[in-house]
Every structure is written in structure tokens, then in C-alpha cells.
Amino acid sequence: MSTIDISQPAKGDGLIKLTMLLGGVVFLLMMVFGLVMRAQQGGWLDLDPALFYQLLTAHGAGMVGSAALSGAAILWYFTGRHVPLRSGIYLAFLGLFLLGVVLILGAIFVGGYGGAWTFLFPLPALSGGAWEAWAAIGFILGYLFIGVGFLLFYLEIGIQLVKRYGGLLKALGWHYLFGGSAEDVPPPTLIAAASVLVFNTIGIVFGAAVIAASIINLIWPDFAVDPLFAKNAIYFFGHVFINATIYMAITAVYEIVPTYTGRPWKTTRLFVGAWFAVVIFVQAVYFHHLLQDVNIPAWALAVGQIVSYASGVPLIGVTMFSLALYLKGSGLKWDLPASLLVLGVVGWSIGVIPAIIDGMIAVNKLMHNTQWVPGHFHTYLLLGEVAMAFGFAAWLVRDKAQTAMSALDKLVFRAYVGGGAGFALIFLWSGASSIPRRWAVHYEAWQFQSQLATVFACVVVLATLGLVLRYVRGLLRSA
Amino acid sequence: MQTLILIVTLLVMMGVLALIMRAVLATEGPEPSANAPKTRSKVIWSMVVLGLVVSVTSLREWPHTQAGGDALVVNIESGQWWWDTDTTEIPLGQQVEFRVTTEDVNQGLGIYNSDMQLLVQVQAMPSYTNKVVYTFEEPGTYQILCMEFCGIAHHAMTYEFDVVEAGA
Ligand code: HEM
Ligand SMILES: [Cu+2]
């Protein structure tokens, strides 16, 4: 395996730094939207429900978008350390992405679109007067631009991997898994890159299909789409896309943690096997979003339940366990980047537990579309993907003279963990109290939990502000 | 039931957390023992076995109950932003098959007891009929809440019905 010095600056790093700044600022802004929503649910604000649902839509799309953007920047940065990638393509990706963001924001805050980020057909066309068809079209077109940007992004990575390894299957390492030689197996980052590009490209293509159908329906309402098919497609896309964000960001752990432990992350058969499983599971698991759609065949529901569980095995048995082995006795000195990256894996690993449990049909009967659901995904996004993203950002601008955590770093980190964990756990508690998700107004009996969550959310927002400011200071110092 | 689910979930989360924290807190300690790969295999295989057991036990009796021959059929229609049923009085202890439809967008039928605890739910989808079977064991007033985001009045889409003793 080649040893590459990942700290050597390379062309295009400036774009990555800019992306992480954008991502960080949008994360922060969207958290403020989240805070406002939770305060509204706690009865501390009195927003017009239309505005609440616009904020919900913006928060969902904005957070998933920022997670995707930061994950993509991480993947590009490290993939580019192993194979040449053309910055021009990244620039085009970023441009298309931002164009999509402008359309989405315009649709929501000018056009009043509030149909949620995983919109269900035919809601975009039937707003009951809240928004016009053009706003829905703008929102959906925004997705289309982002999707095209991502297709370009993956195409470039795919081309370069194929050039380097002589085929996508080789870049995936699958030959090694099935008895091939260990010679020239790709490093972990490239296996991850190849795997994500395979499943996320498929996901985006399905997304594009439902997007195209929805746009046609908005223009000619007589063009009907089967709502069950549309729901399958949107959740297949949504599930694959949000998962891809973490599977891209994890490459920061593969590359950066070894610089602390002195133990390179290795491509073993187990590692390749885990990624092989991920490629299959990520695509087969989305049925767990349809467990209350009793009209789909029973086998699909069973697949949803069983694969939900199975998805936890490579994560906990391979990724988390490997991290534990790499850390133990390594003499690693904790600083902010290392702490955030490890937090990312921990948050991800424990966040999937409530997801897996909710993936059981019997449990889902009671938890589906309650706040249990934001409970699990805020755990593995807020304390998972986003922690990895801020860890990577902090590492990008690290001060090589500083080897330990300053008192301020410690405070920010603890506030982020404590606030985030408290905030996410309350969602689980609210879900167990049967409080539905996506409700603009909560009954009085539910408000205490929302209020408590609002307090935790304030802590998270302040900690995140600290992380963003620290990053900006680092950028200025290194510039 | 929900409380039990919450407790089990928190326990498993704590277990996984403990597993990783042992390493996180031991960076200065001894290196992993030579047995670590064996321990890992054990962890993976136990997860697989546990998964098989849980899957079989939880799916053997299909969790979406099928209606028996003497089930009472209750039709529930819905739309933006209302529910309507054949009857607002349902006999106690009688198996009921709800047949749920919607005339415009997706809705979610959630049935809550008077303690506002969710008892059962099913999706409502345009051009489909979704069935859910339930037997009420307690008399009283029940509520339907909408579980699927359906537009600006989603949170106001509620409905009430009573469960009454037969002959009452
Ligand atoms: C301070 C931090 C945060 C706060 C206060 C917050 C708050 C909220 C609230 C109140 C909801 C709606 C809950 C409901 O359905 O009743 C929500 C939904 C959501 N949040 Fe967050 N959130 C935060 C961080 C994040 C992060 C970091 C991500 C992802 C990277 C994220 C992604 C989402 C998504 C995807 C939804 C679902 C939107 C929908 O239902 O359409 N959130 N959040
Ligand atoms: Cu609704």
C-alpha cells in the first residue's frame, strides 16, 4: 500500500476549505431554524404554521445538503491524495450545488413552499393554497441541479479510479474479497469512494426519475404517478443520499486518525467485505420507511426489517471495532480534531440502535412518524456526520504548534456532546411518549419536553458557533 | 409498550457506548491483546446469531394482524385536512378492520387512547386502501391523529370516536 503524506498541501485545497466554511455556516444557520422549531413546539413562540413548515423544509433540505456537501468535500480531498482529480470538475459541482441551493431557498422563502424535504407525491401539487406550483417546481429543480452536480462529481472519481485500477470492481476491492491477490488493493479511502459512487449514483438516478415525474405532474396535473411507486423512489433516493453523507465523511477518520495513532488504517478482507455489504444493504434497507404501507408485498417489509439490523453489523463489528483497536494503547494525544472525529464514529454507532429497533415492524407500528425518528437521525447526524465534518475542518486549519486541547476547545467540545446528546435523547423520549413528528403545534402535555430540548439546542448552537469561529480564525491564521 | 422499547433501546445504546469507550479511555494503556481479532469475530457472530433469533421470533407471527372472519369493517376516509368514519361508536372487545383511504394526499392514521398513547397506525395513500386490524380492550374516547405530513393544517387533522360496551 502506498504511503501518502496527507498533510502535503495540494492544488484545490482552497476550494475544500471554502466548502467547509460554507457547510459550517449553513449548519449553524439551520440549527438556529431547528432551535426556532423546537421553541415553537414548546409553546415559547407563536409562529404561523405555514412558516413552521417552511422552516422544517429548509432545515431538512439544508441539513441534508450541508451534510452531503461537507461529506463530498472530505471524500474529494482524500481521494485526490491518491489519484489525480480535476479541480475544474469540483468547481462545476460546487457551482451546480449552489445554484440548487438558491432555487431551494427561493422556493421556500419567496414561493412559500413547505412540502418537506422527502416530499410525498402528490403533496407538491396540492398545497391547499399555501404555495403555487412554480414554487414546488423551483424546489424540485433545485434538487435536480444538486443531483446533476453530484453525478459529475462521482463520474470524475469513477473515471480516475478506473484509470488507476483498471476497472470499478478492482477499485471496490471485490477481487481481493473473492480470493484475488492482495497486490495493489486500493487504500480504504478509495474503496469507500468506489462504493459510495456506485450506490449514490443509483440513488440519484431514482431521485431524478421521481423528480421528473413530479415536475410533469405539476405542469400537467392529468399526468398521474402511482403514489406508492413515488414513495418507494423518494425514500430509496433519500435514504441512500443521507447515508452516503456519512459514508463519505468516514474517510476523514480513515486518513486522519492514523496520523495521531501512528497505525495506518488497513485494507483487510474484512474491511472490503464490510463495504461490499454496505453497497448492498444501503440499497435494500429503504423499505423500513414503508413498514406501514401494508400494500407492498410482505417480503419487502421483512427485507426492510432484517436488512436494518444487518446494516448495524459492518458498522459496529467492523468500523467501530477497528477504531477501538487502532485507538487502544496508541498513545494518541487528544486534540479537537481527533476528539470530533472519534465522536463522529461513536455518535454514528449508537445512533443506529434506535433506528434498527424502529426498523422492526412491530415497533414501527408505535414509533413510525413519531419524534423517535428525528431522535435516531439527529444522533447519527449531529453527533456523527456533522462531528466528523467539524473534525475534518478543524484538522484542515490545525495549528501545528498546539498539540493539546485548550480549555476553550474542551468547553466547546463538551458543550457540543452534552447539548447534542441531551437534545437527541429528548426526541427519543418524545417519540416514546407518542408525540408525532412534523407537528407545528404541540399539545400542552407535550410542551415540557420541547422546552427542555430547546435549552439543549441552545447549548448546541453556541458550541457550533464556537466551532465555526475557531475554523474561521484558523483559516485567517493559515492564510 | 413504548416505555419498554425506550428502556431496551437505551440499554443497547449504553452497551455499544461502553464497548467503544473502553478503547477511547485506554489510549495510554497497553496495546490490544493478540486475541482482539478473535474477540471481533465473536462480536460479529453473536450479532448475526442474535439477529437471526430476533428476526425469527418477531416475524414468525406477522406483525400486521389479519382480520378474522367476524371482524367489523369500519371505513375511514380522509383528505386535507379531515377524517370521516362510518361510525363513531365501536363495540368493546370486537375485532375491527379499519379500511383507510384518502382523496387527495398521503395521510397517516394514528389511533390514540385517552392517555394520548399511540396504539396502532397505518398509512393512508391516494388510490389505495390500507387495512389495519385492532381490538379495543378499554371503553372510552379515542382520537385519530395524522401521522403523515400533509400540508399546513397537518397538526390540526384530528378526529374522535368512542369505544362502547356492547348493548350500551
Ligand atoms: C441544534 C441542532 C438542531 C436542532 C435544534 C434541530 C431541530 C430539529 C427539529 C425541531 C426538527 C423537527 C422535528 C419534528 O419533526 O417534530 C428537525 C428535523 C430534522 N432535522 Fe434537525 N435539528 C438540529 C440539527 C440537525 C442536524 C445537524 C441535522 C443533519 C445534519 C438535522 C437534520 C434534520 C432533518 C433531516 C430533519 C427532518 C425534517 C423533516 O421532517 O422533513 N438536524 N430538527
Ligand atoms: Cu397529516
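Residues numbered from 1 in each chain as written. Chains lettered and ligands numbered in written order. Predicted model: local features only at pLDDT ≥ 70, side-chain atom pairs only at ≥ 80, totals over all residues. Heavy atoms only, no water.

(A) The arrangement of the overall build of chain A in detail. Each helix and strand in chain A was counted, giving 15 helices and 0 strands. Its C-alpha atoms give chain A a radius of gyration of 22 Å, within 12% of the compact-globule value 23 Å for 479 residues. Referenced to the eigenvectors of the C-alpha coordinate spread, the extents of chain A come out at roughly 60 × 50 × 45 Å. Excluding contacts between residues fewer than 6 apart, the proportion of contacts in chain A whose partners are at least 24 apart in sequence is 83%. In the structure as shown, chain A presents an accessible area of about 16100 Å², 71% of it carried by carbon and sulfur atoms. The centroid of the 24 positive side-chain charges in chain A is displaced by 12 Å from the centroid of its 18 negative side-chain charges. (Helix = DSSP H or I, 4+ residues; strand = E, 2+ residues; numbered from the N terminus. Rg over C-alpha atoms; globule rule 2.2 N^0.38 Å. Contact = heavy atoms within 4.5 Å. Areas by Shrake-Rupley, 256 points an atom, 1.4 Å probe, with all protein chains shown as cover. Lys, Arg positive; Asp, Glu negative; His and termini not counted. Charge placed at Lys NZ, Arg CZ, Asp CG, Glu CD.)

(B) Structural detail: the interface of chain B and chain A. Taken together, the 70 residues of chain B in the interface contact 83 residues of chain A. In this assembly, chain B packs against chain A so that about 6600 Å² is buried in total across both faces, 71% of it on carbon and sulfur atoms. When the buried area of chain B at its contact with chain A is split by residue, R40, F149 and H155 of chain B rank highest and sum to 11% of it. At the junction of chain B with chain A, the criterion picks out 2 salt bridges. (Buried area = accessible area lost by both parts, 1.4 Å probe. Salt bridge = Lys/Arg side-chain N within 4 Å of Asp/Glu carboxyl O.)

(C) Here's a closer look at the coordination of the copper ion (ligand 2). Residues and elements named next belong to chain B. Surrounding the copper ion (ligand 2) are the protein donor atoms C146 (SG), E148 (O), C150 (SG) and H154 (ND1), at 2.1 to 2.4 Å. The site at the copper ion (ligand 2) holds 4 donor atoms, and with the angles between them running 91 to 127°, its shape is tetrahedral. Positions of the donor residues of the copper ion (ligand 2), expressed as sequence spacing, correspond to C-x1-E-x1-C-x3-H. An identical accessibility class is assigned to C146 and E148; each is buried. (Donors = N, O, S within 2.8 Å, 3.2 Å for Na, K, Ca; no water. Tetrahedral: all angles 85-135°; square planar, octahedral: opposite > 155°, others 65-115°. Buried < 20%, exposed > 50% of the residue type's maximum accessible area, 1.4 Å probe, protein only.)

(D) Highlighting the coordination of the iron atom of ligand 1. All names here are of chain A. The iron atom of ligand 1 binds to the protein through H59 (NE2) and H378 (NE2); the donor distances cover 2.0 Å. Classification of the site at the iron atom of ligand 1 rests on its 6 donor atoms, whose angles at the metal span 88 to 179°, yielding the label octahedral. Of this pair, H59 sits in helix α2 (residues 49-82) while H378 sits in helix α13 (residues 372-396); the two residues are 319 residues apart in sequence, bridging distant segments of the chain. One exposure class covers both H59 and H378, and it is buried.

(E) Up close: the site of ligand 1. Residue and element names in this part refer to chain A. Taken together, the neighbourhood of ligand 1 is formed by 25 residues, with H59, Q371, H378, R437 and R438 sitting nearest. The side chain of Q41 places a nitrogen or oxygen atom 2.9 Å from an oxygen atom of ligand 1. Between an oxygen atom of ligand 1 and a side-chain N or O atom of Q371, the distance comes to 2.8 Å. Where the shell around ligand 1 is concerned, the elements lending two or more residues are α1 (13-41), α2, α13, α14 (407-432) and α15 (444-478). Ranked by residues supplied to the shell around ligand 1, first place goes to α1 with 6 residues. Within the shell around ligand 1, the residues separate by chemical class into 16 nonpolar, 6 polar and 3 charged. (Near = heavy atom within 4 Å. Polar contact = N/O pair within 3.5 Å; in protein donor to acceptor, adjacent residues only side chain to side chain. Nonpolar A, V, L, I, M, F, W, Y, C, P; charged D, E, K, R; others polar.)

(F) How the structure looks around a negative patch on the surface. All names here are of chain B. A contiguous patch of negative charge on the surface is contributed by E77, D84, D86 and E103. Relative to the assigned elements, E77 resides in strand β1 (residues 72-79). Classification of E77 as partly exposed rests on a relative accessible area of 44%. (Patch = residues over 30% accessible without salt bridge, like charges linked within 9 Å, V, L, I, M, F, W, Y side chains within 5 Å.)

(G) Quick look at the nonpolar core. In terms of nonpolar packing, the biggest core is built from 221 residues, with F139, F150, F153, W275, F392 and Y416 of chain A together with F98 of chain B touching the most fellow members. Counting the residues that make up this core, at least three belong to each of domain 1 (2-57) and domain 2 (72-164) of chain B. Among all residues touching F98 of chain B, those that are not within four sequence positions of it are V74, I76, I90, I111, N130, K131, V132, Y134 and F136 of chain B. Ranked by size, the runner-up nonpolar core spans 8 residues in total, among them W446 of chain A together with M116, L118 and M147 of chain B. (Core = buried A, V, L, I, M, F, W, Y, C linked by side-chain atoms within 4.5 Å. Domains from an automatic or database assignment.)

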